[in-house]
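# Chain and residue survey
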2 protein chains.
Amino acid sequence: MSNNNLIKGSLQTIILKLLEENEKMYGYEITQRVKELTEGEIKITEGALYPALHKLEAEGLLTTEIQQVDNRVRKYYSLTKNGQKEVSAKMSELQSFVGNLQRILDPEWKPGLA
Amino acid sequence: MSNNNLIKGSLQTIILKLLEENEKMYGYEITQRVKELTEGEIKITEGALYPALHKLEAEGLLTTEIQQVDNRVRKYYSLTKNGQKEVSAKMSELQSFVGNLQRILDPEWKPGLA
DNA sequence: AAAACATACCCAAGTTTCTTATGTATATAA
DNA sequence: TTATATACATAAGAAACTTGGGTATGTTTT
């Protein structure tokens, strides 16, 4: 799936933020949620998503829990305590980056305006 | 220089946009402009900048012109016609991506609001 | 005078993060 | 029975960086 080349590095933040809002999600669900929220414009590839999830788990930010649903295995991810801390950190990093981008690309831009 | 991990993918757009606004800039000048505009928060590394400039030139989006200033060589870059077209394309790509990011990360967000 | 910093260009090795392609398996719809 | 949807996963390769060099001149600090 997919064809969006931009801002490599924001996938982790997306995953963490969705998990902050949802308590518990599985991989496939994350791809679908992102697709919904962006009306199909951003499609997370599985080749990007699963390695990212595994990495976040290895770093201790996520824990997993396997569930059987209709003869299908689902691997649910949720935030650890460290994960909860990291969400805020990653979010403000990204938001400050986007703010800086605006300052570079749109000299008229002021924070708090359209 | 530098210590900002994000930006993957947006550097080309930054270069093109600055050149749209300034007609003609040299590499070092670009790093300084970005530093100014972001109050030191984004520092373009030379290891990232020069390869990016060379690539954009190879793609026919930029042309160069060498000038001697105080016994120092400066390589000025400016947009070609194709470069001028690409600025708009890259800008709307990036803006739509940022919009989608907002939709994912901030469910309250609506375009045109703070 | 020497050292440090600023200006100005460049490249190469290595890392991270992605894309693309592939594989496994079950369930349902055409 | 073929395709699509659900659900996981890995591996090769590409792209865009970081880090750490190198060259050279001019200025400021110690």
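Note: the structure precedes this text.
Summary of the structure given here. As the structure is a computational prediction, the values presented were derived from the model and not from experiment.

With that settled, the discussion passes to the protein's contact with DNA strand C. Near DNA strand C you find 24 residues, and of these A:G47, A:N71, B:Y26, B:G27 and B:Y28 are the closest. A per-class count over the surface near DNA strand C returns 7 nonpolar, 10 polar and 7 charged.

In a regular helix each residue adds 1.5 Å, so 13 residues correspond to 18 Å; helix 3 (residues 46-58) of chain B covers 18 Å between its end C-alpha atoms and thus fits that length. Looking one or two residues past helix 3 of chain B, B:G60 carries a phi angle of roughly 80 degrees, positive in sign.

Here we take up the packing of helix 2 (residues 27-37) of chain A against helix 3 (residues 46-58) of chain A. Residue and element names in this part refer to chain A. Their axes nearest at 10 Å, the elements helix 2 and helix 3 cross at an angle of 125 degrees. Comparing their axes, helix 3 and helix 2 come out oblique. As for the relative orientation of helix 2 and helix 3, their crossing is right-handed in sense. For the pair helix 2 and helix 3, contact is made by G27, I30 and T31 and by L49, Y50 and L53, respectively. Its residues assigned to classes, the contact of helix 2 with helix 3 shows 4 nonpolar, 2 polar and no charged.

This brings us to the sheet that holds strand 2 (residues 62-69) of chain A. Residue and element names in this part refer to chain A. Read from one edge to the other, the open sheet built from 3 strands follows the order 1-3-2, with strand pairing classed as antiparallel. A strand with exactly one partner marks an edge of an open sheet, and here the two such strands are strand 1 (25-26) and strand 2. The sheet contact formed by strand 2 and strand 3 (residues 72-79) spans 8 bridges and is antiparallel. Bridging across to strand 3, L62 finds its partner in L79. Across the sheet, helix 1 (residues 11-22) lies against strand 1 and strand 3, angled at about 90 degrees from strand 3, the strand it touches most.

Moving on to the protein's contact with DNA strand D. Around DNA strand D sit 27 residues, and of these A:Y26, A:G27, A:Y28, A:G47 and B:G47 come closest. In terms of residue count, helix 3 of chain A provides more of the surface near DNA strand D than any other element does, 5 residues in total. Tallied by class, residues from the surface near DNA strand D come to 9 nonpolar, 11 polar and 7 charged.

Take the environment of B:I66 next. Residue and element names in this part refer to chain B. Within the secondary structure, I66 sits in strand 2 (residues 62-69). Accessibility expressed as a C-beta count within 10 Å gives 9 for I66, which makes it exposed. Along the primary structure I66 and Y26 are separated by 40 residues, whereas in three dimensions their C-alpha atoms are 9.3 Å apart. Ignoring anything within four residues of it in the chain, the contact list for I66 reads V73 and K75.

Once that is clear, we can look at the sheet that holds strand 3 (residues 72-79) of chain B. Residue and element names in this part refer to chain B. In space, the 3 strands of this open sheet follow the order 1-3-2, with antiparallel pairing throughout. Lying at the two open borders of the sheet, with one neighbouring strand each, are strand 1 (25-26) and strand 2. The sheet strands contacting helix 1 (residues 11-22) are strand 1 and strand 3, and the helix crosses strand 3 at an angle near 90 degrees.

All names here are of chain A. One way to put it is that helix 1 packs onto helix 3 with a least axis distance of 10 Å and a crossing angle of 70 degrees. Considering their axes alone, helix 1 and helix 3 lie roughly perpendicular with respect to each other. Counted together, L11, Q12 and I15 of helix 1 and A48, A52, L53 and L56 of helix 3 form the full contact between these two elements. Taken together, the residues that form the contact of helix 1 with helix 3 break down as 6 nonpolar, 1 polar and no charged.

Bringing the environment of A:L18 into the picture now. Residue and element names in this part refer to chain A. Of note, L18 is situated in helix 1. Sequence spacing of L18 and S78 is 60 residues, and the spatial spacing of their C-alpha atoms is 9.8 Å. Setting aside chain neighbours within four positions, we find L18 in contact with M25, I30 and R33.

About the cut-offs
Residues numbered from 1 in each chain as written. Chains lettered and ligands numbered in written order. Predicted model: local features only at pLDDT ≥ 70, side-chain atom pairs only at ≥ 80, totals over all residues. Near = placed C-beta within 6 Å. Nonpolar A, V, L, I, M, F, W, Y, C, P; charged D, E, K, R; others polar. Helix = DSSP H or I, 4+ residues; strand = E, 2+ residues; numbered from the N terminus. Expected span 1.5 Å × (residues − 1). Axes fitted to C-alpha atoms, helices over the stretch in contact; angles between N-to-C directions. Parallel < 35°, antiparallel > 145°, perpendicular 65-115°, else oblique. Left-handed = near helix turned anticlockwise from the far one by under 90°. Contact = placed C-beta atoms within 7 Å. Pairing = 2+ DSSP bridges. Buried ≥ 20, exposed ≤ 12 C-beta atoms within 10 Å, placed from the backbone.

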